[in-house]
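An overview of the molecular structure
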Amino acid sequence: MGRKSELTETPVRDSVHETPQKKVYIRYLTAFVILLALLLLFIIWNINSGSIHISVKDIIAILFRGKEDETAYNIVWEIRFPRILAAVILGGALSVSGFLLQTFFNNPIAGPFVLGISSGAKLTVSLVMIYMLEKSAVASSGTLVIAAFGGSMISMGFVLIIARKVKNMSMLVISGIMIGYICSAVTDFVVTFADDSNIVNLHNWSMGSFSGIDWENVQLAAAVTGVCMILTFLMSKPISAYQLGEAYAQNMGVNIKAFRIALILLSSILSACVTAFAGPISFVGIAVPHLVKSLLKTAKPILVIPGCFLGGAVFCLFCDLIARTVFAPTELSISSVTAVFGAPVVIYIMIRRKRSMQ
């Protein structure tokens, strides 16, 4: 009788263990379905909205049948679709960059904009653009990305030097903000003494905007971001170990020095790519990783990395839609809109962290 009761009880225990695991998988699946559904919704909404209204039926016809109405075709394929893809790619890149920086500094409010990395990229890109415009030449997409990466690395270098001297994370963030202000001040100084025509060309970009992005920009942004995303995803296991502490990661065989360099390079390249094409965009790199972790209810990099990319794409598409349509035909800077929605999330993170430390 004793053996029989043991045999009958075993499947019950297994089912008890399986149920929570199934619930976790369902939560992950639901989170990604929500993000993908929102992404599709905002893509259609962005194509549909603008000074010239294009119905969903016409959008489907243009995308799958080709050039039936030449005006609508050009609006969709030459203006709106490149802009939408840029918002998806660059929004995702900025969010993942923020996640990598938060992992590196072990600080939930670390991000490209807060640490002055975007401002450093903005400075070098401004200098290159002004120089090229004065020579009556146009800077190529690759040149802008390289210039932005150089500026990002200079700013990151200053942040790392300060990080060695200052162990307090709050002071590190404040130092990053000061570096950002210095870079922005130098940029403003340079722009002030540029030609009037140069100032006009730089204005929209310096405020943050996805407008004016063409297919060449989209292709290069997709190539750079795609390579960085693959490398970041392959680093999921080392990142997971690093989240549990440097000592644990080292015991698991992670080369800490090489790992930290890889994190810096990947985050800098991603944020530089965004700044080169769309200018500095605030709060996406801080707010979105936190929102994605809250949605997934996990910090596992293998889930958070693709989640951050999708979340950043959705967030930037939503903000770009508002920037284009709320005060049309006047267009707001994308940074102004992301700040409105992202800043409250950052304030909430800081309040929550302060409570947890008490």
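About the thresholds
Residues numbered from 1 in each chain as written. Predicted model: local features only at pLDDT ≥ 70, side-chain atom pairs only at ≥ 80, totals over all residues. Heavy atoms only, no water. Helix = DSSP H or I, 4+ residues; strand = E, 2+ residues; numbered from the N terminus. Buried < 20%, exposed > 50% of the residue type's maximum accessible area, 1.4 Å probe, protein only. Contact = heavy atoms within 4.5 Å. Areas by Shrake-Rupley, 256 points an atom, 1.4 Å probe, with all protein chains shown as cover. Axes fitted to C-alpha atoms, helices over the stretch in contact; angles between N-to-C directions. Parallel < 35°, antiparallel > 145°, perpendicular 65-115°, else oblique. Left-handed = near helix turned anticlockwise from the far one by under 90°. Nonpolar A, V, L, I, M, F, W, Y, C, P; charged D, E, K, R; others polar. Core = buried A, V, L, I, M, F, W, Y, C linked by side-chain atoms within 4.5 Å. Phe/Tyr/Trp six-rings, centres within 6.5 Å; stacked < 30°, edge-to-face > 60°. Lys NZ or Arg CZ within 6 Å of the ring centre and 35° of its normal. Salt bridge = Lys/Arg side-chain N within 4 Å of Asp/Glu carboxyl O. Disulfide = S-S within 2.5 Å. pLDDT = per-residue confidence, 0-100. Expected span 1.5 Å × (residues − 1).

**Here's the deal with the overall build of the protein chain**
Assigned secondary structure in the protein chain consists of 14 helices and 0 strands. Counting from the amino terminus, helix and strand elements in the protein chain follow one another as α-α-α-α-α-α-α-α-α-α-α-α-α-α. In the protein chain, which comprises 358 residues, the proportion classed as buried is 46%. In the protein chain, the share of contacts with a sequence separation of at least 24, taken over all contacts with a separation of at least 6, comes to 78%. Accessible area for the protein chain stands at about 18,600 Å²; split by element, carbon and sulfur atoms hold 66% of it.

**A few points about the packing of helix H4 (residues 117-134) against helix H5 (residues 141-165)**
In the contact formed by H4 and H5, the axes pass within 7 Å of each other and the chain directions differ by 140°. It follows from the interaxial angle that H4 and H5 lie oblique. Pair H4 / H5 crosses with right-handed handedness. Here Ile-117, Gly-120, Ala-121, Thr-124, Val-125, Val-128 and Met-129 of H4 come into contact with H5, specifically with Thr-143, Leu-144, Ala-147, Ala-148, Gly-151, Ser-152, Ser-155 and Met-156. Its residues assigned to classes, the contact of H4 with H5 comprises 9 nonpolar, 6 polar and no charged.

**A look at the nonpolar core**
Within the largest apolar cluster, 91 residues are counted, with the highest numbers of intra-cluster contacts made by Leu-90, Leu-100, Phe-105, Phe-210, Ile-239, Ile-281 and Leu-296. With 18 residues, helix H3 (residues 70-105) is the largest single contributor of residues to this core. What Ile-239 contacts, discounting residues up to four positions off in sequence, is Phe-99, Leu-100, Thr-103, Thr-232, Phe-259, Leu-263, Pro-301 and Ile-305. Core analysis: the second largest hydrophobic core is formed by 8 residues, Val-114, Ile-286, Val-345 and Ile-349 among them.

**Examining the packing of aromatic side chains**
When we look at a pair of aromatic rings, we describe it by the centre distance and by the angle of the planes. Summed over the entire model, instances satisfying the criterion amount to 9 aromatic pairs. A centroid spacing of 5.1 Å and a plane angle of 65° characterise the contact between Phe-318 and Phe-341, whose relative ring orientation is edge-to-face. Here Phe-341 lies in helix H14 (residues 334-357) and Phe-318 lies in helix H13 (residues 301-325), a separation of 23 residues in the sequence. On the basis of relative accessible area, Phe-341 is assigned to the partly exposed category, the value being 34%. The ring of Phe-104 carries Arg-260 above its face, with NZ or CZ at 4.4 Å from the centroid.

**Here's the deal with the pattern of salt bridges**
Under the counting rule described, the total for this entry stands at 3 salt bridges. Here Asp-320 makes a salt bridge to Arg-83, at a shortest N to O gap of 2.8 Å. Of this pair, Asp-320 sits in helix H13 while Arg-83 is found in helix H3, placing the two residues 237 residues apart along the sequence. Judged by relative accessible area, Asp-320 falls into the buried class, the value being 2%. One network of salt bridges, in which partners are shared, links Arg-83, Asp-320 and Glu-331.

**Things to note about the state of the cysteines**
One pass over the structure, following the stated rule, counts 0 disulfides. Left without a disulfide partner, Cys-316 is nearest to the cysteine sulfur of Cys-319, which lies 6.4 Å away.

**Considerations on the environment of Ile-59**
Looking at the secondary structure, you find Ile-59 in helix H2 (residues 56-65). Dropping the residues within four chain positions of it, Ile-59 is found in contact with Ile-44, Ile-47, Asn-48 and Ile-54.

**A look at unusual backbone geometry**
With a phi angle near 70°, Phe-283 is a residue other than glycine that sits in the positive phi range. With respect to the helices and strands, Phe-283 occurs in the loop between helix H11 (256-278) and helix H12 (284-296). Even without being glycine, Lys-297 reaches a positive phi, approximately 60°. Assignment of secondary structure puts Lys-297 in the loop between H12 and H13.

**Details of the packing of H3 against helix H9 (residues 236-243)**
It is at 9 Å that the axes of H3 and H9 come closest, and there the two elements cross at 40°. In this view, H3 runs oblique relative to H9, as classed from their interaxial angle. Once H3 is placed against H9, the crossing between them reads as left-handed. Judged by residue contacts, Phe-99, Leu-100, Thr-103 and Phe-104 of H3 engage Ile-239, Tyr-242 and Gln-243 from H9. Partitioning the contact of H3 with H9 into residue classes produces 5 nonpolar, 2 polar and no charged.

**Here we look at the confidence of the model for the protein chain**
Residues at a pLDDT of 70 or more form 87% of the protein chain, whose mean pLDDT is 83. Put simply, helix H7 (residues 196-207) is where the protein chain has its lowest mean pLDDT, 64, and H13 is where it has its highest, 94. Note that residues 1-16 has pLDDT below 50 and, in this model, 0 contacts with residues that lie over four places away or in other chains.

**Things to note about H4**
Between its first and last C-alpha atoms H4 spans 26 Å; for 18 residues at 1.5 Å apiece the expected length is 26 Å, and the two agree. All of the buried residues along H4 are Ile-117, Ser-118, Ser-119, Gly-120, Ala-121, Lys-122, Leu-123, Thr-124, Val-125, Ser-126, Met-129 and Ile-130. Positive phi appears at Ser-136, one or two residues downstream of H4, with a value of about 60°.

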